[in-house]
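Results of the structural survey
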Amino acid sequence: MKKGKLFVISGPSGVGKDTIVNEYLKENDAHLSVSATTRNPREGEIHGIHYYFYTNEEFEDRIKKDDFLEYATYNNCYYGTPKSKIEEKLNEGINVILVIEVQGAKIVKEKLPETVLIFVLAPSMEEVKKRIIARGSETKEQIITRFKTAYQEINEIPKYNYVVINDIVSSAVKKIESILISEKCRV
Ligand code: 5GP
C-alpha cells in the first residue's frame, strides 16, 4: 500500500487556516492532527477535539518523554504535535495534516523531508487584523503580538512549497484539494 503524505499548513493568526482545513475535511479523507497547547481554551473549544489543553508542567513532562514530533512557543504558550497517531496513519495510507506555526513547520521538514509545506495568506494584512479582532478571544496585547508575529511568519514563505491566498474560502479549499491530489500523484 502507498504510504500517506504529511502536509503542514501554516499562516498568520486569523487567515482562516482552520476554516479551510475543516471545509476540506468535509469532502476529503485525511487525518487532522490534534495539537497540544498550554494556552487557555477559547469559548467552545473542547479538550481532545480542538486541542489537548495542558498545564506547563504537563506539557514539559511530555517534552521529557519525547511525546512530540515538534513543539514551539508562540505568544508565551507551548504548542506541540503529539507523535503517536502520525506514523500509524501514514502507514495506513492516510494523508496527515498538521496546522502549525512556522518554527514547528521547520522542525517537521528537517525530521521528515518529504513533508509538503503549504502557507495560507489573507488577501491583505488589514484583513488579518480585522479577523483577529473579530474573533474577540484575545486581549489587546495578545492581538498586537499576534499581528507582529504575522509579519515574521510571512518572511518564512520561501521555505514553503505552496502559497494559498484565502480570499474566498471555497476557492482556497479547491487549491488545497488540488495540491494534495498532485502531491499524491508525484512520481
Ligand atoms: P491558536 O492559539 O490561534 O489556536 O494557534 C496559534 C498558532 O499556533 C497558530 O499558528 C497555530 O497554527 C499554531 N499551532 C497550533 N498547534 C500547533 C502545534 O502543534 N505546533 C506548533 N508549532 N504550532 C501550532
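The rules behind the values
Just so you know, the residues in each chain are numbered from 1, in the order the chain's sequence is written. Given that this is a predicted model, residues contribute local features only at a pLDDT of at least 70 and side-chain atom pairs are listed and counted only at 80 or more, while totals for whole chains, interfaces and linings are drawn from all residues. Heavy atoms throughout the structure, all of them, feed into the side-chain values; hydrogens and water do not. Note on pairing: two strands pair once DSSP finds at least 2 bridges between them. Where helices and strands are cited, they refer to DSSP runs of H or I of at least four residues and of E of at least two residues respectively, numbered from the N terminus. Residues count as neighbours in contact if any of their non-hydrogen atoms are within 4.5 Å of one another. In this analysis an axis means a line fitted to C-alpha atoms, helices contributing only their contacting stretch, and an angle means the value between N-to-C directions, from 0 to 180 degrees. One fewer than the residue count of a helix, multiplied by 1.5 Å, yields its expected span. Under the scheme applied here, a residue whose accessible area is under 20% of the maximum for its type counts as buried, over 50% as exposed, and between as partly exposed, the area being computed with a 1.4 Å probe on protein chains only. The arc in question is formed by the directions pointing from the helix axis toward the C-beta atoms. Consider each residue's heavy atoms; a residue with any of them within 4 Å of a molecule or strand counts as near. Any N or O atom pair separated by 3.5 Å or less is treated as a polar contact, with the protein-specific requirement of one donor-capable and one acceptor-capable atom, and with residues adjacent in sequence counted only for side-chain atom pairs. Note on areas: Shrake-Rupley with a 1.4 Å probe; residue coverage comes only from the protein chains shown. By salt bridge we mean one thing: a side-chain nitrogen of Lys or Arg within 4 Å of a carboxyl oxygen of Asp or Glu. Whether a crossing is left-handed or right-handed is set by the direction in which the near helix is turned from the far one by less than a right angle, anticlockwise for left-handed and clockwise for right-handed. For this scheme, ten residues count as nonpolar: Ala, Val, Leu, Ile, Met, Phe, Trp, Tyr, Cys and Pro. Four count as charged, namely Asp, Glu, Lys and Arg, and the remainder, Gly too, count as polar.

1. Digging into the sheet that holds strand E8 (residues 116–121)
Here we have 5 strands laid out as an open sheet, ordered E2-E7-E1-E8-E9, and parallel in their pairing. The sheet is open, and its two borders are formed by strand E2 (31–32) and strand E9 (162–165), each paired with just one other strand. The pairing of E8 with E9 spans 4 bridges and is classified as parallel. For Phe119, the partnering residue across the bridge sits in E9 and is Val163. Sitting on the sheet, helix H3 (residues 84–91) is in contact with strand E1 (6–10), E2 and strand E7 (96–99), with an inclination near 145 degrees to E7.

2. Focus: helix H7 (residues 169–185)
Taking 1.5 Å per residue, 17 residues should reach 24 Å; H7 reaches 25 Å between its end C-alpha atoms and fits that length. Those residues of H7 that sit buried are Ala172, Val173, Ile176, Ile179, Leu180 and Glu183. Along H7, the residues classed as buried sweep out an arc of 120 degrees about the axis, all on the same side. Exposed residues lying more than 90 degrees from the buried face of H7 are Lys174, Ile181 and Cys185.

3. Points about the site of the ligand
For the ligand, the set of nearby residues contains 16 residues, the closest of which are Ser35, Arg39, Tyr51, Tyr79 and Glu101. Between Arg42 and the ligand, the recorded distance is 2.8 Å, taken from a side-chain N or O atom to an oxygen atom. Contact distances for the ligand include 2.6 Å between a nitrogen atom and a side-chain N or O atom of Glu101. Contact with the protein chains removes 96% of the 510 Å² of surface that the ligand exposes when unbound. Contributing elements (two or more residues each) for the shell around the ligand: strand E5 (68–74) and strand E6 (77–82).

4. Some remarks on the pairing of E8
Across the 6 residues that make up E8, a large majority, 6, are buried. As judged from the 4 bridges shared by E1 and E8, these two strands associate in the parallel manner. Bridge pairing links Val8 to Leu117 in E8.

5. Structural notes on the pattern of salt bridges
For the structure on display, the rule yields 16 salt bridges. With a closest N to O distance of 3.0 Å, Arg42 and Glu138 form a salt bridge. Of this pair, Arg42 sits in the loop between strand E3 (36–37) and strand E4 (52–53) while Glu138 sits in the loop between helix H5 (125–135) and helix H6 (140–154), and the two are 96 residues apart along the sequence. By the burial criterion, Arg42 is buried, and Glu138 matches it.

6. Let's talk about the environment of Ile179
Along the chain, the position of Ile179 falls in helix H7. Judged by its relative accessible area of 8%, Ile179 falls in the buried class. On a C-alpha basis, the gap between Ile179 and Lys85 in space is 23 Å, while along the polypeptide they are 94 residues apart.

7. Some remarks on the packing of helix H1 (residues 17–27) against H7
H7 packs onto H1 with a crossing angle of 65 degrees between their chain directions and a minimal axis gap of 9 Å. The two elements H1 and H7 cross, and the hand of that crossing is right-handed. Every residue of H7 that contacts H1 at Thr19, Ile20, Glu23, Tyr24 and Glu27 is listed here: Val169, Ala172, Val173, Ile176, Glu177 and Leu180. Here the residues of the contact of H1 with H7 are counted per class, giving 7 nonpolar, 1 polar and 3 charged.

8. Overview of helix H4 (residues 102–111)
Residues Val102, Gly104, Ala105 and Val108 constitute the buried set of H4. Projected down its long axis, H4 carries its buried residues within an arc of 155 degrees, all on one side. Those residues of H4 that are buried lie in contact with E1, E5, E7, E8 and H6.

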